[in-house]
Structure formats: C-alpha cells, structure tokens
Amino acid sequence: MDNEFPGPGSGIEIDEDDLEVLLKLPPIDGYVIVRTGHPLCGKSPVQMSAMLDYPYVGQRTFDVLRVLDWLSAWGHGEVHLAARGYGALPATFAALLSP
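Each residue is numbered by its place in its chain's sequence as written, counting from 1. In keeping with the model being predicted, local features are shown solely for residues with a pLDDT of at least 70 and side-chain atom pairs are shown and tallied solely at 80 or more, while totals for entire chains, interfaces and linings include all residues. Just so you know, side-chain values use all the structure's heavy atoms and leave hydrogens and water out.

**Q** I would appreciate a short explanation of the layout of surface pockets in the present structure.
**A** A probe as big as a water molecule, rolled over the atoms, marks out the empty space that is left. The volume enclosed by the largest pocket comes to roughly 400 Å³. As for the largest pocket, its lining consists of Ile28, Asp29, Gly30, Tyr31, Val32, Lys43, Ser44, Pro45, Val46, Gln47, Met48 and Met51. Of the two site types, the cavity is a set of points on a 1 Å grid over the protein atoms alone where a 1.4 Å probe fits but cannot get out, and the pocket is an open set with protein on both sides within 12 Å along at least five of seven lines, each lined by residues with an atom within 4 Å of a point. Grid points are joined across faces, edges and corners, and a volume is the space filled by probe spheres set on the points.

So, in structure tokens, the structure goes:
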C-alpha cells in the first residue's frame, strides 16, 4: 500500500517538478457519439478533457428532467419515478432536482 499514489484530499502535497515521466503512452483512438445540437457536435478532434466537461450521468439526468417537464406540461402533476441499472443514478438525481 505504500506505493499507491495519494489522491485528492489526502493532505499530501506533490510538487510536479519532482515527478518524472517514465513512459509516454500512445493516444488511443475512440468514438464520441452525441445528439444533434450537443456542444461537442461537429468538433474534431475531440479531446478527453472536453468530453469530461459533459459527464454521462449529468446528461442523462438532464434528459430525465426534460421528460418530467414535458409530462408536467401535458397536465401530469404527479409522476412516480422508478429506475434500475444504468438509469438508477440519473433518476435519483432527477428526483432530487425536480420541483
């Protein structure tokens, strides 16, 4: 356990000048699939840092909230939200954030 890299909040400060690059890894090709109108749509190349600006769970939570808004607009005042598997976290956050 002594060789683990300390994480954020560990109280250990690391000076980047003390770090040494042992091996630079080659880039890994991948694909980004986004909806029409997404801020990353049409950008090429897309860097990993740009993709991390739009976390998956946050985007799915936004989608659930929009569906709840749509149902409300159609007169459905009370909605019982149930989800499991990959939908559990977005549904939980949407339930917490919806009015």
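This is not the end of the story, as more comes after the structure.
**Q** Just to check I follow, could you spell out the pattern of salt bridges for this structure?
**A** Here the idea is simple: oppositely charged side chains can pair when their charged atoms come close. Salt bridges are defined as contacts in which a side-chain nitrogen from Lys or Arg sits within 4 Å of a carboxyl oxygen from Asp or Glu. The final tally for this structure, using the stated rule, is 2 salt bridges. Between Asp63 and Arg60 there is a salt bridge whose closest N-O contact spans 2.4 Å. Pair noted here: Asp63 and Arg60 are both in helix H2 (residues 56–73), with a separation of 3 residues, about one helical turn. Burial status follows relative accessibility: with a 1.4 Å probe on protein chains alone, a residue under 20% of its type maximum counts as buried, one over 50% as exposed, and anything between as partly exposed. Assessed through its relative accessible area of 28%, Asp63 is described here as partly exposed. Note on Arg60: relative accessible area 28%, which makes it partly exposed. Asp69 is paired through a salt bridge with Arg66; the nearest N and O atoms lie 2.5 Å apart. Under the scheme used here, helices are H or I runs from DSSP no shorter than 4 residues and strands are E runs no shorter than 2 residues, and both carry numbers assigned from the N terminus.

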